[in-house]
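The residues making up each chain are set out below.
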Amino acid sequence: MQITAIETIRTAEAANILWVEVHTDAGLVGLGETFRSAGAVAAYIHEQVAPMLLGSDPLAIDHHSRALVQGYLGYRSSGVEMRAASAIDIALWDILGQAAGMPLYQILGGRSRSRIRAYNTCAGRDYNKSGGRREIAPGQARMPSAGRYDDHEAFVHRADELAHSLLNEGYSGMKIWPFDIFATATSGQDISAADLAVGLQPFAKIRNAVADRIDIMVELHGLWNVPAAAKIARALEPYDPYWLEDPIRMTTAADLAALKRQVKAPICASETLATRAAFAEILDAQAVDIVMIDIGWCGGLSEAKKIAALAELHHRPVTLHDCTGPVALMSSVHLALNLPNALIQETVRAYYHGWYRGVVTALPTLEGGCFHPPDDPGLGTRLADDLKGRKDVDVRRSAC
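Attention here is on the structure that accompanies the text.

Looking at the overall build of the protein
Helix and strand counts for the protein come out as 14 helices and 14 strands. Compactness check: the protein gives a C-alpha radius of gyration of 20 Å against a globular reference of 21 Å for 400 residues, within 12% of the reference. Taken over the C-alpha atoms alone, the protein extends approximately 60 × 45 × 40 Å along its principal axes. When each of the 400 residues of the protein is scored for burial, the buried share is 58%. If you take every contact in the protein between residues at least 6 apart in sequence, the share linking residues at least 24 apart comes to 73%. If you sum the accessible surface of the protein, you get close to 15,000 Å²; carbon and sulfur atoms cover 49% of it. When the 38 positive and 46 negative side-chain charges of the protein are each reduced to one mean point, those points stand 2 Å apart.

As structure tokens, then:
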């Protein structure tokens, strides 16, 4: 079997996302995905990756992974080269699963569990699909609805109702980021007592409404310095956060470790890191309690499995990131079912019940707050039949 063509697919509606199809002479097509800088990643794939892979064996996954992940540039970042490598790697694993006639989790080593618990990241339908992240100020008037499940607007204005809604659908965890809006004023150098009090309001509403029946993950998006992050963490202690995610930029493991020593809540990091080398630094520094992996950014399934094994060696659980696209979610669920140290799977219900369904043919089954195993070979999904024919879609092809 040989790789005969590589296609990249972009839509104007979800401009941050790039889908990749790897075609073979056996008729099998592997599907991959990555997120952000989609145009630059597509250009790199056609200019650099396609000439390397066309005509080669798609099942030589370790060989291709090493060539792409440890290339001359990009091997220490989650930039363009690493995102391209990640999307291609996912597609190659999809081909392997299809060729073997087995679901991807089986190819990865089989199931370690029958299902994986899910938590909801409280974004709205269009959050992060294109441009920068949508921000909602706590004091502003209620915004027009962004459709069903505008959980971003909800956590800012009515977090108590949101918590009840999530529990009613079976979720036992939710992630919110009410402090982000205040980082702009000081470039993350400090947060005033007044702003801190406003940022704490959603947590108080959630705990008053549902007590400890739901876990609250706190996303800080790497916007703060160590003293400011520590101030926020101490103020959050009465609300018992499940974790503090990316409280500072993931640039210096020693600084993250210093912050970890000052706070009680577990530190989760980081979707922004790529390759096991970067994760080794924060693990060796004892700077992280929970390892967050983004399969579409870290180097793909091949590298993600190695990162998880490294975390297991350090007695740390891993969680898989999804605030991106449906292929990353499907890949993550397969891996989470396989990994012995997988803790929980992220999802965005506004995406899962919304635009994801217009992009792919199948999604992992979500029941009772847990994802269940897909049954079809490989990833178990493909791009929707009409996607490439839509007016806003750009398809670029490199072929033998």
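Structural notes on the side chain of D89
You can see D89 is positioned in helix α3 (residues 80-100). K306 provides the closest opposite charge to the buried, unpaired D89, separated from it by 7.7 Å.

Section: the pattern of salt bridges
With the rule as written, the count across this model stands at 17 salt bridges. For R117, the salt bridge identified is with D215, shortest N-O distance 2.6 Å. Taken as a pair, R117 in strand β4 (residues 116-121) and D215 in strand β6 (residues 215-219) lie far apart in primary sequence, 98 residues in all. A network of salt bridges, in which partner residues are shared, links E7, E21, K388 and R397.

Let's talk about the environment of L363
Relative to the assigned elements, L363 resides in the loop between α14 (349-352) and β12 (365-367). Taking the C-alpha atoms as reference, L363 lies 7.0 Å from T381; in sequence the two are 18 residues apart. With residues near it in sequence (within four places) discarded, L363 still touches P326, M330, Y352, Y356 and R357.

Observations concerning the pairing of β4
Among the 6 residues of β4, 5 are classified as buried, and the element is accordingly described as predominantly covered. Where β4 lies against strand β13 (residues 370-372), 2 bridges are found, and the strand directions are antiparallel. Of the residues in β13, the one forming a bridge with I116 is F371. Bridging between β4 and strand β11 (residues 342-347) involves 3 bridges; their strand directions are parallel. Pairing of A118 across the sheet is with Q345, part of β11. As paired elements, β4 and strand β5 (residues 173-176) share 2 bridges and run parallel to each other. Bridged to T121 within β5 is K175.

A closer look at the nonpolar core
Of all hydrophobic cores here, the largest spans 135 residues; its most connected members are W19, F179 and W224. Take this core: its biggest share by element is 10 residues, from α3. Apart from residues no more than four positions distant in its own chain, F179 is found in contact with I191, L196, G199, L200, F203, V218, L220, W224, I232 and L236. Y119, W243, I290 and M292 belong to the second-largest nonpolar core, a separate cluster that totals 7 residues.

Focus: the layout of surface pockets
When its volume is computed, the second largest pocket comes out at roughly 190 Å³. M250, T251, L273, A278 and E281 are, among the 15 residues lining the second largest pocket, the residues nearest its centre. When residues of the lining of the second largest pocket are traced back to their parent elements, those giving at least two are α10 (253-262) and α11 (275-284). Among the elements that make up the lining of the second largest pocket, the one with the highest residue count is α11 (3 residues). Of the residues that constitute the lining of the second largest pocket, the class distribution is 7 nonpolar, 5 polar and 3 charged.

Observations regarding the environment of T121
Summarising the element assignment, T121 is placed in strand β4. Judged by its relative accessible area of 2%, T121 is buried. Taking the C-alpha atoms as reference points, T121 and S77, 44 residues apart in sequence, are found 25 Å from one another. Ignoring anything within four residues of it in the chain, the contact list for T121 reads K175, W177, C323, E346, T347 and V348. Of note is the side chain of T121, whose polar atom sits 2.4 Å from the side chain of E346.

Remarks on unusual backbone geometry
For the bond from A269 to S270, the omega torsion is -15°, close enough to zero to count as cis. Its identity is not glycine, yet S37 carries a phi of approximately 50°, on the positive side. On the secondary structure map, S37 appears in the loop between β3 (29-35) and α1 (38-53). The phi dihedral of H221 falls on the positive side, at around 55°, and the residue is not glycine. Exposure remark for H221: the relative accessible area of 15% places this residue in the buried category.

Regarding the packing of aromatic side chains
The geometry of two aromatic rings is summed up by the distance between their centres and the angle between their planes. The full count for this structure, using the stated rule, is 10 aromatic pairs. With a centroid separation of 5.0 Å and an interplanar angle of 70°, the aromatic rings of F155 and W177 are classed as edge-to-face. In this pair, F155 is assigned in helix α5 (residues 151-157) and W177 in the loop between β5 and α7 (180-186), connecting sequence segments 22 residues apart. Note on accessibility: F155 and W177 belong to one class, buried. Through pairs of rings, three or more aromatic residues link up here, namely Y119, Y242 and W243. Of note, R83 hangs over the ring of W297, and the distance from its end group to the ring centre comes to 4.8 Å. Positioned above the aromatic ring of Y242 is the side chain of R117, whose terminal nitrogen or guanidinium carbon lies 5.6 Å from the ring centre.

Cut-offs and rules
Residues numbered from 1 in each chain as written. Predicted model: local features only at pLDDT ≥ 70, side-chain atom pairs only at ≥ 80, totals over all residues. Heavy atoms only, no water. Helix = DSSP H or I, 4+ residues; strand = E, 2+ residues; numbered from the N terminus. Rg over C-alpha atoms; globule rule 2.2 N^0.38 Å. Buried < 20%, exposed > 50% of the residue type's maximum accessible area, 1.4 Å probe, protein only. Contact = heavy atoms within 4.5 Å. Areas by Shrake-Rupley, 256 points an atom, 1.4 Å probe, with all protein chains shown as cover. Lys, Arg positive; Asp, Glu negative; His and termini not counted. Charge placed at Lys NZ, Arg CZ, Asp CG, Glu CD. Salt bridge = Lys/Arg side-chain N within 4 Å of Asp/Glu carboxyl O. Pairing = 2+ DSSP bridges. Core = buried A, V, L, I, M, F, W, Y, C linked by side-chain atoms within 4.5 Å. 1 Å grid on protein atoms, 1.4 Å probe; cavity = no way out; pocket = protein on both sides within 12 Å on 5 of 7 lines; lining within 4 Å. Points joined across faces, edges and corners; volume = space filled by probe spheres on them. Nonpolar A, V, L, I, M, F, W, Y, C, P; charged D, E, K, R; others polar. Polar contact = N/O pair within 3.5 Å; in protein donor to acceptor, adjacent residues only side chain to side chain. Phe/Tyr/Trp six-rings, centres within 6.5 Å; stacked < 30°, edge-to-face > 60°. Lys NZ or Arg CZ within 6 Å of the ring centre and 35° of its normal.

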